[in-house]
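Secondary and tertiary structure notes
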Amino acid sequence: MVKVQLPDGTVVEHPDGVRVVDVLRALSPRLADQAVAAKVDGQVVELSTRLTDGQVKLTALKIDDPEGLHVARHSAAHVMAEAICQLWPNTKLVYGPPVDNGFYYDIDLDHSLTPEDFERIEARMAEIVKENRPFVRYEMPRDEAMRKLEAERNEYKIDNALRAEGDTLSFYSTGEPGKSFEDLCRGPHVPSTGRIGAFKVRQVAGAYHHGDATKQMLQRVYGTTWPNKKALQEYLHMMEEAKKRDHRKLGQELGLFTISPLVGTGLILWKPHGATIRHVLEEELRKELIARGYQLVYTPHIGRLDLYRTSGHFPYYRESQYPPLFESERARMLNRLWELAGEAGEQASPAEIELFSDVAAEHEDLRQAGYPKSAPREERQRRIRAWLAVEDGYLLKPMNCPHHIQIYTSEARSYRQLPVKLAEFGQVYRYEKSGEVNGMTRVRGFCQDDAHVFCTPQQLPDEIAECVDLSQFVLKMIGLTDYRVRIGLRDPDSKKYIGSDENWRMAQEALRRSVAAAALNSSEEVGEAAFYGPKIDFVVRDCIGREWQLGTVQVDYNLPERFGLTYIGEDNSEHRPVMVHRTLFGSMERFVGILIEHFAGKFPLWLAPVQVTVCSVSEKSAAYAAEVAAACRTAGLRTELDNSSERIGAKIRSATMMKVPYILVVGEQEMRNGAVNVRTREGQQYGSFRLSDFLAACATEIATHGEKTPAPGGQAPAVEGASVTHAGG
RNA sequence: GCUGCUGUAGCUCAGUGGUAGAGCGCCUCCUUGGUAAGGAGGAGGUCGUGGGUUCAAUCCCCACCAGCAGCUCCA
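Conventions we followed
Residues numbered from 1 in each chain as written. Chains lettered and ligands numbered in written order. Predicted model: local features only at pLDDT ≥ 70, side-chain atom pairs only at ≥ 80, totals over all residues. Heavy atoms only, no water. Salt bridge = Lys/Arg side-chain N within 4 Å of Asp/Glu carboxyl O. Helix = DSSP H or I, 4+ residues; strand = E, 2+ residues; numbered from the N terminus. Buried < 20%, exposed > 50% of the residue type's maximum accessible area, 1.4 Å probe, protein only. Pairing = 2+ DSSP bridges. Contact = heavy atoms within 4.5 Å. Axes fitted to C-alpha atoms, helices over the stretch in contact; angles between N-to-C directions. Core = buried A, V, L, I, M, F, W, Y, C linked by side-chain atoms within 4.5 Å. Parallel < 35°, antiparallel > 145°, perpendicular 65-115°, else oblique. Left-handed = near helix turned anticlockwise from the far one by under 90°. Nonpolar A, V, L, I, M, F, W, Y, C, P; charged D, E, K, R; others polar. Disulfide = S-S within 2.5 Å. Phe/Tyr/Trp six-rings, centres within 6.5 Å; stacked < 30°, edge-to-face > 60°. Polar contact = N/O pair within 3.5 Å; in protein donor to acceptor, adjacent residues only side chain to side chain. Domains from an automatic or database assignment. Expected span 1.5 Å × (residues − 1).

Side-chain pairing between opposite charges can occur once the charged atoms of the two side chains come close. The tally for this structure, following the rule as stated, stands at 53 salt bridges. Across the salt bridge formed by Arg220 and Asp106, the nearest N and O atoms sit 2.7 Å from each other. Placement of the pair is Arg220 in strand S15 (residues 217-226) and Asp106 in strand S10 (residues 102-108), with a sequence separation of 114 residues. The same class applies to Arg220 as to Asp106, namely buried. Between Lys157 and Asp183 there is a salt bridge, with its nearest N and O atoms 2.8 Å apart. In this pair, Lys157 sits in helix H6 (residues 155-163) while Asp183 sits in strand S13 (residues 182-184), placing the two residues 26 residues apart along the sequence. The exposure class of Asp183 is buried, given its relative accessible area of 3%. Linked through salt bridges whose partners overlap, the residues forming this network are Glu288, Arg292, Lys421, Glu463, Glu466 and Asp469.

An order of S18-S21-S22-S29-S26-S25-S23-S24 is seen for the eight strands of this open sheet, with the pairing classed as mixed. The sheet terminates laterally at strand S18 (295-296) and strand S24 (522-526), the two strands that pair on one side only. Sheet topology note: the strand S25 (residues 535-541)/strand S26 (residues 547-556) ladder contains six bridges and is antiparallel. From the neighbouring strand, Ile536 faces S26, where its bridge partner is Val553. Across the sheet, helix H16 (residues 460-478) is in contact with strand S21 (420-429), strand S22 (445-455), strand S23 (483-489), S25, S26 and strand S29 (578-587); its angle to S29 comes to roughly 5 degrees.

This part takes up the nonpolar core. Of all hydrophobic cores here, the largest spans 64 residues; its most connected members are Leu281, Ile478, Ile536, Phe538, Phe603 and Leu607. Among the elements that line this core, the one with the most residues is H16, at nine residues. Every residue in contact with Leu281, bar those within four places of it in the chain, is listed here: Met477, Ile478, Phe585, Met588, Phe591, Val592, Leu595, Trp606 and Leu607. Counting residues in each nonpolar core, the second largest holds 43 residues, with Leu61, Ala77, Leu93 and Val221 among its members.

One can find Pro560 in helix H18 (residues 558-562). Residues Pro560 and Pro577, spaced 17 residues apart in sequence, show a C-alpha to C-alpha distance of 6.6 Å. Not counting the four nearest positions on each side in its chain, Pro560 is found in contact with Leu565, Arg576, Pro577, Val578 and Met579.

Once that is clear, we can look at the packing of helix H9 (residues 272-291) against helix H19 (residues 588-599). Contact geometry for H9 and H19: axes closest at 11 Å, N-to-C directions at 110 degrees. What the angle tells us is that H9 and H19 run roughly perpendicular. As H9 packs across H19, the resulting crossing turns out to be right-handed. Contacts between H9 and H19 involve Ile277, Arg278, Leu281 and Glu282 on the former and, on the latter, Met588, Glu589, Phe591, Val592 and Leu595. Considering only residue class, the contact of H9 with H19 consists of six nonpolar, no polar and three charged.

Let's shift gears to the packing of helix H3 (residues 66-87) against helix H4 (residues 115-131). At their nearest, the axes of H3 and H4 sit 9 Å apart, and the two run at 115 degrees to each other. Between H3 and H4, the angle is such that the two are roughly perpendicular. Pair H3 / H4 crosses with right-handed handedness. For the pair formed by H3 and H4, the contact residues are Ala76, Val79, Met80, Glu82, Ala83, Ile84, Gln86 and Leu87 on the first element and Arg120, Ile121, Arg124, Met125 and Ile128 on the second. Here the residues of the contact of H3 with H4 sort into nine nonpolar, one polar and three charged.

Attention shifts here to the state of the cysteines. The tally for this structure, following the rule as stated, stands at zero disulfides. Not part of a disulfide, Cys185 finds its nearest cysteine sulfur in Cys85, a span of 14 Å. Cysteine Cys698 remains unbridged, with the sulfur of Cys632 as its closest cysteine sulfur at 7.3 Å. Since its relative accessible area comes to 2%, Cys698 is described here as buried.

Ring pairs (aromatic) are described by centroid distance and by the angle formed between their planes. Going through the model one piece at a time under the given rule, you end up with ten aromatic pairs. Centroid distance Tyr322 to Tyr429: 6.4 Å. Interplanar angle 75 degrees. Geometry classified as edge-to-face. You can see Tyr322 sitting in the loop between helix H10 (305-311) and helix H11 (329-342) and its partner Tyr429 sitting in strand S21, a full 107 residues away along the chain. By relative accessible area, Tyr322 is classed as buried at 18%. For Tyr429, a relative accessible area of 16% gives the class buried. Judged by centre distance (6.4 Å) and plane angle (50 degrees), the ring pair of Tyr483 and Phe538 falls under tilted. Of this pair, Tyr483 sits in strand S23 while Phe538 sits in strand S25, placing them 55 residues apart in sequence. You can call Tyr483 buried: its relative accessible area is 18%.

Moving on to the environment of Asp117. With respect to the helices, strands and loops of the structure, Asp117 is situated in helix H4. For the pair Asp117 and Leu149, spaced 32 residues apart in sequence, the C-alpha separation works out to 28 Å. Contact partners of Asp117, with chain neighbours within four places excluded, come to Trp88, His111 and Ser112. A distance of 2.7 Å separates polar atoms of two side chains, one belonging to Asp117 and the other to His111.

Attention shifts here to the pairing of S10. Among the seven residues in S10, seven count as buried, and that is most of the element. Here S10 shows a buried face lined by Gly102, Tyr104, Asp106 and Asp108 and a second buried face lined by Phe103, Tyr105 and Ile107. Pairing between strand S8 (residues 92-95) and S10: three bridges, direction antiparallel. In the strand pairing of S10, Lys92 is matched with Asp108. In terms of strand pairing, strand S9 (residues 98-99) meets S10 through two bridges, oriented antiparallel. Across the sheet, residue Pro98 finds its bridge partner in S10, namely Phe103. Between S9 and S10, which pair antiparallel in sequence order, lie two residues; one of them, Asn101, sits at a positive phi of approximately 70 degrees. Taken together, the five bridges between S10 and S15 define a ladder with antiparallel strand orientation. From the neighbouring strand, Phe103 faces S15, where its bridge partner is Gly223.

Turning to the domain arrangement of chain A, a few remarks are in order. The domain boundaries assigned to chain A delineate domain 1 (2-62), domain 2 (69-242), domain 3 (273-297 + 400-598) and domain 4 (612-703). The straight-line distance from the C-alpha centre of domain 2 to that of domain 4 is 58 Å.

So, on to the environment of Tyr298. Inspection of the secondary structure assignment puts Tyr298 in the loop between S18 and strand S19 (302-304). When its relative accessible area of 77% is taken as the criterion, Tyr298 is described as exposed. Residues Tyr298 and Asn400, 102 residues apart in the sequence, show an inter-C-alpha distance of 9.9 Å.

Along an α-helix, residues three or four positions apart point the same way, because every turn accommodates 3.6 residues. A rise of 1.5 Å per residue sets the reference length of H16, with its 19 residues, at 27 Å; its end C-alpha atoms lie 27 Å apart and thus fit the reference within 8%. Gly479 sits one or two positions beyond H16 and adopts a positive phi of about 90 degrees.

This is the structure in structure tokens:
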């Protein structure tokens, strides 16, 4: 006997071995028909699962339950795989899991699928759905299953099987086993192919097998499926809406920024309107930084290579840096010699030996030091370092910290001065790989709102807490209230970290305590620390549900060590300070890009590049409109004047499309009584106001950062992606 | 960096083996209009770059560059 406990608490009894679907049917035939899967004691299973003795808790899952939909998506992946295999019989299936908002299937196929193929695949899927064949699960002992897979000569499935756990492997056949399409798969699945919902094949893209860039590239076919046609349409519509707020599109339309291939990939040109937004953000932050005891500094965009050798950034991150600048061939040679001297066992290539032979005619000293490698390594390094002090290459700075450290070391520091908090909107350059560059969110040149706090170990907890508090200040300033904190901790088993256990323990504790004290929603992730210290990242959720990583706070015992930083303590002896690296916005480029999408281009008044557009109704009111515009500007509002010969409707339309918060319509009527007629970009007409009242209201709204932009309602899909949430295939 | 797709006017996009079009924008003129597009005329393109095939290439082929989607990566 099986005692089945239903969600409402009632218990029904069935004979041992009863199928889930039979239990449901006994309750309600309709429920049995609607269910796509079920949950037994918290585990999602399919309807054909047999229940054996004891007591279980059972919940039916319909396709509109999240977990039911998940199962349906997994099944849809199988149906799509079957369709593809029918259309292209030499397809090798690899892996096909459900993901957020849909599913995908990785395939190995010589034919490159195109969007035209999608329709054929969908048509074939529709037939399979119509046939409504059952998903039949059958199991085999592992060795028998392996023989079967060997016979099918699909190395990917064999690989999947080798990775699977357990003594038996399960297969799913859509229809009678042996006579129908089948696939190695853990399941569970919907009862039959007719139950996968309203689907669409959406796109195809490359994906590495097991996500390993050294492995072969497969085709990943993405599809989506929803409980019904309406939900599918809503989803597709939402994707369109998300596209509309794409910062690249809005940046173009609103004249915020541009990218010129002639300037370079991933290098942002801030147009006046975009620059205004950035300027406002920077000013707001500067004011706060000064209030909190930060000191603002400026440092150059480049620095000597030796600076970055000392910091460890060069050549360690060479792959993601622009190539070094060398003033002379000798400087280039010195750098190469330094690299060779530093890396035991590295051999110079014949071409290099030739280069050195050629140039060595003019630089006999280098030849002596570098080739042949007669001198001991330490000696060679010492001599090269001495030359480098005279002649060296330069690097576009990948980070600001080495420069800030030089400011720290430029004077003797007393414990009385600490903490020293140096802040800079510092431009840095990182050579992102070509495929990574994307709009403003992933660029090769960007401005960090960077700061470095140099403090005593005792001050560290307070300083971290201060950084956390400042981060919250910034997020609040923008109105990004939905965020969490990720604490990146050291993986005790990994060797990649430097520094003493005691330092790590202290730093991690300080981070934890600060986050806890601020009562932040946080998660800890082991192995996510920087190699020199633990960190916390602020992850915000924008108004359509996407997550973005913004600021970060990192504790660093490493650079103070490498640069030999000191301060004189109370005991009149030298001590080593601790550094905290932190950014709040992250990068100005990325942050503004995120804001564009978050606000869908409708910036709140205080941030809007153009706050007011004054539109004259006719030429008769043009002079008055100019007066109004001038008054607005005097009051500090970023104002545009439209005295063109267009009709008022066209002027309003054009300002509305530029998403200007307030449109002031002024005609003869307003002129007579010194008024302005206020209209918003949302189309609301506030009517006539005295100009002074309007200006006062704007001043208040700006000062309070009043949220004038209602977030669009409804929930949008998370970023299109492939977070695998269920094993399958 | 990898796989696939794309590259035509400032923007969004049609189009053809015989050197090109629309809408919006821009300029000029007319219009002086009261809350999301008034009318007319005009200017503007080496069809991403470089090779190749061809009598002839914007179109077909190759390479490169750039963009897009995804994968991988992000001190």
